[in-house]
Structures are given as C-alpha cells and as structure tokens.
Amino acid sequence: MSAEAIQTRRDWLLSDRPASRMQARLGRAYVAWRRFSANPLAFVGLLIIIGLLVVAAFADVLAPYSPTIGDLKGSRLLAPSAAHWFGTDDLGRDIYSRIIYGSRWTLYVVILVAIIAAPIGLLVGTVAGYAGGWTDAILMRITDIFLAFPKLILALAFVAALGPGIENAVLAIAITSWPPYARIARAETLTVRNSDYIKAVQLMGASPFRIVLRHIMPLCISSLIIRVTLDMAGIILTAAGLGFLGLGAQPPLPEWGAMIASGRRFVLDQWWVAGAPGFAILIVSLGFNLLGDGLRDALDPRSGDQ
Amino acid sequence: MSAAENQVAARRGSARAVTVLSAIGRFLVIAITTYLGLLAVTFFIGRVIPIDPVLAVLGDRAPANVVERTRREMGLDLPLIEQFYIYVKNALNGDFGTSVLTTNPVMTDIRRAFPATIELATLGTLIGSVIGVPLGVLAAVRRGSLIDQIVRIIGLIGYSVPIFWLGLLGLVLFYAKLQWVAFPARLDVVYEYTFTPITGFYLLDAAMQGQWDVFYDAFRHIILPASLLGYFSLAYISRMTRSFMLNELSQEYIVAARAKGLSERRIIWAHALRNAAVPMVTVIALSYAGLLEGSVLTETVFSWPGIGLYITNSLQNADMNAVLGGTIVIGSVFIAINLFSDLLYRVLDPRTKAG
C-alpha cells in the first residue's frame, strides 16, 4: 500500500465530519488505539494478557507433564533443571506444567467475577440514577454500606459459610466487588438523564425499562470496562489469598494461590515450590494493572476530544 | 450593633447551627445504617446461609431432643426479624457467642488478640507514611525523572504482588539465609514467662518497664511483617501524595509564592505540602484500615497472634462464631476509620465548611 493511500485512510478516520456512524466509531477507536499504543507500559500489559490467554488456550500443548499426576517415586521436590524448568513439588508434579494449567483457573475466576459483578453494578447504578428520589437514595445507601466493608474479610466470612471451593470463592468476591461499578454507572447515568436525546426517546413513548436498557446502559459500558480491568488485579490477588488460606480452589486443582500454600511448608529449603506460582500471580496482576492504566488514559472521556 | 444587625447575626448563627446539626444528623444516619448493614450481612452469613445452624454446631449425629433444645436455646424458633433484633443487641454488648475451638467467649479471645493486630498495623502505617510521603513529594516535584519512575514502579508492584507470597520470600531471605530477623512469632519463648505485658503492645510495654532485651527481641520479630505492611501502605501513600502534590503545584498561589521570591524548598514543603495535607490524612487513614484488613494474610504467614490469625485458625476448624466475631470487630474498626477520616476531612478543610 502506498504512503498516499495510508495518508488518505488516516484522514478518513480522523475526519471532523464523519459521513456515517461507522466512520465516526472507527475514527474514535483509531484515536483511542493511537493513544494506547503510544504508551509502552500499556502495550506491555496488553502483551502479558494476550500471553495469558494464549497459555490458557494451549495449555495441553505447552505443558510437558500432567498438572495433577506426579512421579512420587523419582521426582519429589527437585530443584529447577532442564527437565523441570521450575522444579517439582512434594507430590512429584512438574511446577511449570501446573502453572500453565493454573492460568485457566485464573482466567476462570476473573471472567466469572466480572460477568457476575459488573451487571449487578450496572443495573443498580443505572436504575438509581435514572429513577432518582427515594429509589436512588436507598440503592445508593446500600451501595455505600457495601463499599465501607473490608472486602477480603467479608469474602472470607462468605466462603467460610458457603464452604470452600473455587465457585464459592468467585461468588464471595463478586458479592463484595459490585459497589464501585454501581457508583460509576450512576455517575454516567446522571450526566445523560436530562439530555435532549433521552427526552426525545421519552416523547416517543419509550418505557423507562427500555430507556435504561437501550439508551443509558450502553453509554456506561466503556467506563465500566476500564474499571473492571483495573480491578482484575485485585480480584486475582483476593482469589489467590482465599486459595492460600485453603478456602478457594481445592487440591489437586493447580490454582496459583493454593500452590503457594502447599509450598509454604518447605519454603525455607525448597523455595521454588512457593516461589514460582507467586511470580506468575505478580506478572499477571501487573499485566492487568498496566493494561487498565493504559485503557483509562486512552479512553478517558475527559481527555477524549484532544 | 443595632437591633436589626443583632437579629441578622442571630439568624445567621441559627442557620449555621442548623447546617451543623444536619451535618451531624447525616453523619449519624450514615454511621448507624452502615453498622446495621455490617451486622445484617454477618447475620445473613451465620444464620441464613447454613441450611441448619443447629447442625453446624452439633453435627448430624445428635439425638432429636438435643437438636430441638439447642434450636430453642439459639432462638431459632423465633421469627427471623426477632432473631436479628436479639443478634444486634448481643453484638452491641460485645457478645458474639462462644468459640468452639478455645471454649472462651469470642470477645475474650478477640480482646487478647486485638493489641497484636493494632501494633502491627500501626507500625506498618508509620513506616509507610514516613517513607511514602517524602517519596511522593519528590516524585511530583521532579516529574518524569528517575525518582518519579522508581516511585511508579514501586507503586505498580505494590498493587500487583500477593502479600503472603512476598512475606514467605522475606522469611526465606531475612530469616533463613541472612538471619537478620527472628522466627515467625511475637516473642522468643525465653521471654514468655519473664515478661508481663500491660497494654498488650509489646514494644511499648517493654520500653515502659525498661526491659530493653525484650524490646530488642520484640523488635526483631515485628520488623519484617511491619515492613511488609509498610511497603503496601507506602505504595498507596506515595502514589496519592504524588497526585495531590501535582495538583497543588499547578495552583496559582504557587506562582505567587515564586513571584515573591520564596525558596523552592519553602514553597514545596511549607506551602504545597500543607495544602495537600488534608487529603493526605484521609489517604493515611484509609491505608491504615487497609492494613487491618491485610492482617489476615500477613498474620497467617508470620504466625502473628492477632485477630487475622484468630480468624484463619477458626476458619480451619469451622468455628463460625469466632470467624464472624472477628469479622465484625475488624469491620467495625474499618468502618469507624472510614467515617472519621471523612469527618476529619470536613473539619480540616475550610472549603468544605461553607456548604
């Protein structure tokens, strides 16, 4: 493609007078992408997350050994070597393979928490913001009450009652992490509820249900996505903490937090058993934090029109 | 002053009294609903989620008449709302039931464990603020410089690293390899019998009694977990200080101070930092609350006999009274710190008084 063609395509994308909705959307996406990719740290974050997805998808191919069945006879607590890159644990299982499979559980947790907590927050926030009055006051009081709780301790108590297990851990984290999303959705709703286009839809006779669902919720999505991405690291750390305390994933699941807990007993002599999974948590959390920061800088509506 | 002026002044005074009263009223409503909410959630966790709380206490092999009697003793035959009323009343009296594990009233256990948690979190916050605030100020003043990048990386890692993992690595390095710090506990066994704590804050107690060998030993035990918590609060405090300072340094009064010819040091540390101090108080209070919460994991790693360890030990033995009692106590302190830092913000910042 010639330089000229690229130039005109860029002009088309950056046009002040888009001829179609698609052109406007593509243009905005292009501007956001340009701002995002100009930020090297955000790009590193993106690469880490893509790496996580690839590793989780191809775990069967990438892992040289079984994640759950070890060689009890010949390979207990071996130090890192060419055969076992990150060593082996007390049941003779290859830690590298377990970490690779563990990426699936990490993704499982963050995705489930996000798809449970974000819609709850979105619903509470948009309804409160659009309805106003007493509905707003009551819903926001409940939100603020939940916001004032210590999240980890509350999640702990929830799992203690529900019983240990990765599903219950997900549920407990989701229950404690929706309030910020409700606040964001409400703030976004308040900025648009009195705008002309909402009045126009009202005049055309749309029901409040339809207005909230079709005309308000879509506008809250982008700021919600940023916030969810920024929270992903926190979700991973909480899930790992629950796993470490024996409340999250149960053995023999190769969940990273639980792996650290099982390596804790020999940490003074065989540090790699607990060391490697913790490093994996650090890298992935860092990836989500960098990506979230980058997304916020790129998509922040306050700096959107520069 | 004329009569009319008097009248105006009085009206203004009463108007101010009304706004103050309404502010206090709002504060009380928020405080009460938040605490009721906390108790409602723990009530829900303890009484509603378990299919049968009696079974949870007695096990499934108890004879039917015992089950029936226990059900009545626990008040489970009453309507739910009445049960909740009794629950709140007991909680307000500090009655969280008896721990199955230690057979003590939960409140007695918690009272014993509380000072350990507070001592650890306080030292952690102290370390975090003493290092974090100057780092944040330097990062803001030299924006984009090496120190700014370092502060950014410290913050990013602090937000991304699992605290219990870092604690384990710390033990491997500073206890096992370098032997700089003592093994995970609060005090060496040697001192268990010679040292009688007064307040429960060992560092303070040892210093008050002049037992400097105990003080040194307690210090060797607390320094690693406290530094770890300190790192987490440092990550948060330095990042927030930086953004507050950047905000202040772009204000016009800074330009005015420069125009007057004040030294750069005076502008930064006396003028800008003083104005950033108000939100800083909130940030430090919030980080303190966060450390109380983080104590669950840290205390488990360092066998630190505080509320966090109490909760996790009870968890492993399905001792729900103890778990929920600990949750309520940490939750209450957490909420109180939140509320009071908000209140303090209003009192300290003259701009929020007007409204």
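Small disclaimer: the values here were computed from a predicted structure and weren't measured. (Residues numbered from 1 in each chain as written. Chains lettered and ligands numbered in written order. Predicted model: local features only at pLDDT ≥ 70, side-chain atom pairs only at ≥ 80, totals over all residues. Heavy atoms only, no water.)

1. Observations concerning the overall build of chain B
Which entries qualify depends on this criterion: Helix and strand definitions here come from DSSP, where helices need a minimum of 4 consecutive H or I residues and strands a minimum of 2 consecutive E residues; each element is numbered from the N-terminal end. Buried, partly exposed and exposed residues are distinguished by accessible area as a fraction of the type maximum, computed with a 1.4 Å probe on protein chains only: under 20%, between the cut-offs, and over 50%, respectively. Contacts are assigned to residue pairs with any non-hydrogen atoms lying within 4.5 Å of each other. For the area figures, the Shrake-Rupley method with a 1.4 Å probe applies, and any residue is considered shielded solely by the protein chains shown. Note on charges: Lys and Arg go in the positive column, Asp and Glu in the negative column, and His and the chain ends are not counted at all. Taken as the charge centre is NZ of Lys, CZ of Arg, CG of Asp or CD of Glu, depending on the residue.
Helix and strand content of chain B: 13 helices and zero strands. Tracing chain B from N to C terminus, the helices and strands come up as α-α-α-α-α-α-α-α-α-α-α-α-α. Along the first, second and third principal axes, the C-alpha atoms of chain B reach 85 × 70 × 40 Å. Across the 355 residues in chain B, those meeting the buried criterion constitute 44%. When contacts within chain B are restricted to residue pairs at least 6 apart in sequence, long-range pairs at least 24 apart make up 71% of them. Summed over its atoms, the accessible surface of chain B is roughly 18600 Å², and 64% of this surface lies on carbon and sulfur atoms. Averaging the locations of the 28 positively and 24 negatively charged side chains of chain B gives two centres separated by 12 Å.

2. Section: the pattern of salt bridges
Note on pairing: side chains with opposite charge can pair once their charged atoms come close. Residues and elements named next belong to chain A. As a reminder of what qualifies: Only one rule defines a salt bridge in this text: a Lys or Arg side-chain nitrogen within 4 Å of an Asp or Glu carboxyl oxygen.
Tallied over the full model, the rule gives 11 salt bridges over all chains. The salt bridge involving Arg98 is made with Asp89; its shortest N-O contact spans 3.7 Å. For the pair Arg98 and Asp89, one class covers both residues: buried. What emerges from the salt-bridge pattern is a single network uniting Asp89, Arg93 and Arg98.

3. Section: the interface of chain B and chain A
The line we're drawing: Here's the idea: put two parts together, see how much 1.4 Å probe accessible area each one loses, and the total over both is what we call buried area. Polar contact criterion, stated in full: a pair of N or O atoms within 3.5 Å, where within protein one must be able to donate a hydrogen and the other to accept it, and residues adjacent in sequence count only if both atoms are side-chain atoms. We call Asp, Glu, Lys and Arg charged. Ala, Val, Leu, Ile, Met, Phe, Trp, Tyr, Cys and Pro are nonpolar, and the rest, Gly among them, are polar.
Residue-level contacts link 44 residues of chain B with 39 residues of chain A. At the boundary of chain B with chain A, total buried surface from both sides reaches about 3700 Å², with 79% on carbon and sulfur atoms. A salt bridge links A:Asp293 to B:Arg239; its shortest N-O distance comes to 3.9 Å. The tally of links between chain B and chain A comes to 11 residue pairs in polar contact (both at pLDDT 80 or more). Only helix H1 (3-48), helix H6 (146-160), helix H7 (163-177), helix H11 (264-301), helix H12 (307-316) and helix H13 (320-348) of chain B provide two or more residues apiece to the side of chain B that touches chain A. When grouped by side-chain class, the residues that make up the side of chain B that touches chain A number 30 nonpolar, 10 polar and four charged.

Interpretation in functional terms is not warranted from these geometric data alone.
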